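# Remarks on the overall topology
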Amino acid sequence: MNNLCRLCPRNCSVDRTKSRGYCNQGMLKVARVALHKWEEPIISGTNGSGTVFFSGCNLKCVYCQNYEVSRGKGKDITASQLADAFKKLEDLGAHNVNLVTPTHFVDDIIKACEIYKPKIPIVYNCGGYESPQTLERLRDIVDIFMPDFKYSDNSLAKKYSNCPNYFEVCTEVIVKMRQLCPIDIVTDGIMKSGLIIRHLVLPNALDNTKGVIDWLANNVAKNTYISLMGQYVPFGEAFKFAEINRKLKPLEYKIAVNYALKQGFENTFIQSLESANEDFIPDFDDMSLLNS
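Let me begin by describing the structure that accompanies this report. (Residues numbered from 1 in each chain as written. Predicted model: local features only at pLDDT ≥ 70, side-chain atom pairs only at ≥ 80, totals over all residues. Heavy atoms only, no water.)

## Some words on the side chain of Asn 125
- Position of Asn 125 relative to the elements: it lies in strand S5 (residues 122–126).
- In this structure the side chain of Asn 125 is engaged in a polar contact, spanning 3.4 Å, whose partner is the side chain of Arg 198.
- Excluding residues within four positions of it along the chain, Asn 125 makes contact with Glu 39, Asn 98, Leu 99, Val 100, Thr 101, Pro 102, Met 146 and Arg 198. (Helix = DSSP H or I, 4+ residues; strand = E, 2+ residues; numbered from the N terminus. Polar contact = N/O pair within 3.5 Å; in protein donor to acceptor, adjacent residues only side chain to side chain. Contact = heavy atoms within 4.5 Å.)

Here it is, written out as structure tokens:
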């Protein structure tokens, strides 16, 4: 790890061997390593996605469904143990190794891949607030980029994620990710390489969603994989904000879906609102693969 951390646009410039940055993390820490069957169908397939949930986050959204993990819950491990986890997930038949909220541990991920590079695709599953320079270092490591595109409205980004320049950063990041993974390859229903852009529809924020879709319509190909998520549940500190302290209404999600489909996106993933359920939140007390 570089002495001064500048892995993400927060540019904290702290020595994380001695202190912690905005992500609230020092050395490598993970909250869960397991097969996960609730990602997009071309990621989870039939066997499941081999997820590695990293502790901490550079966004820490107030409504985060993995709130405890984003605030630091997890177990300290080494890069060697992370490499071993990759191998175990591969041996279990995972369709990919899915790195969830990995940004602040990119140095450790690179070290782990030097020890053992999985033969299955590696997915970079992030919040969309990334440094293009950090992403460039992953050119020969990551096969699939799966960023969130949370906000077109920076006032909401500031309010809910303390991130007043989110839109400008995220749109630059999506362009960079497409450059790094220019071709979507899906074989037998499973993605091997490419880009999936996720957007979580928030309550009372349809203009924000429409702004995201409008930007995508003008800047990415219409066959780009778009995942329009209706799974919002008010976790974390959402109770402090009356306008998002409820689940999404079916009509809100219907309007969002119809707006995306009218833009002509050919590969749009649509959720059942039954997914807005706490039962779909992973068990972050399951450390079996790390302990074995």
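## Describing the packing of helix H8 (residues 206–219) against helix H9 (residues 250–262)
- Put simply, H8 and H9 touch, their axes get as near as 10 Å, and they point 15 degrees apart. On the basis of the axis angle, H8 is roughly parallel to H9. Seen along the crossing, H8 lies across H9 with a hand that is right-handed. Contacts between H8 and H9 involve Leu 206, Thr 209, Lys 210, Ile 213 and Asp 214 on the former and, on the latter, Glu 252, Ile 255, Ala 256, Tyr 259 and Ala 260.
- Residues belonging to the contact of H8 with H9 are distributed by class as follows: 6 nonpolar, 1 polar and 3 charged. (Axes fitted to C-alpha atoms, helices over the stretch in contact; angles between N-to-C directions. Parallel < 35°, antiparallel > 145°, perpendicular 65-115°, else oblique. Left-handed = near helix turned anticlockwise from the far one by under 90°. Nonpolar A, V, L, I, M, F, W, Y, C, P; charged D, E, K, R; others polar.)

## Quick notes on helix H4 (residues 106–115)
- For H4, the buried fraction is high: 7 of the 10 residues fall into the buried class.
- The complete set of buried residues in H4 reads Val 106, Asp 107, Asp 108, Ile 109, Ile 110, Ala 112 and Cys 113.
- Buried residues along H4 sit in contact with strand S2 (49–54), helix H3 (79–91), strand S4 (97–100), S5 and helix H5 (132–136). (Buried < 20%, exposed > 50% of the residue type's maximum accessible area, 1.4 Å probe, protein only.)

## Brief notes about the packing of H3 against H4
- Contact geometry of H3 with H4 gives a least axis separation of 8 Å together with a crossing angle of 60 degrees. Helix-helix and strand crossings are classified by hand; for H3 and H4 the assignment is right-handed. Where H3 approaches H4, its residues Ala 79, Ser 80, Leu 82, Ala 83 and Phe 86 are matched on the opposing element by Asp 108, Ile 109, Lys 111, Ala 112, Cys 113 and Ile 115.
- Looking at the contact of H3 with H4 residue by residue, the class counts come to 8 nonpolar, 1 polar and 2 charged.

## A short note on the pattern of salt bridges
- Applying the stated criterion across every chain yields a total of 13 salt bridges.
- The partner of Arg 198 in a salt bridge is Glu 39, and the shortest N-O contact between them spans 2.4 Å. Of this pair, Arg 198 sits in strand S8 (residues 190–200) while Glu 39 is found in the loop between strand S1 (29–36) and helix H1 (41–44), placing the two residues 159 residues apart along the sequence.
- Given a relative accessible area of 14%, Glu 39 falls into the buried group.
- Lys 87 is paired through a salt bridge with Asp 91; the nearest N and O atoms lie 3.0 Å apart. Of the two residues, Lys 87 and Asp 91 both sit in helix H3, 4 residues apart, roughly one turn of that helix.
- It is possible to trace a salt-bridge network through shared partners that takes in Glu 39, Glu 40 and Arg 198. (Salt bridge = Lys/Arg side-chain N within 4 Å of Asp/Glu carboxyl O.)

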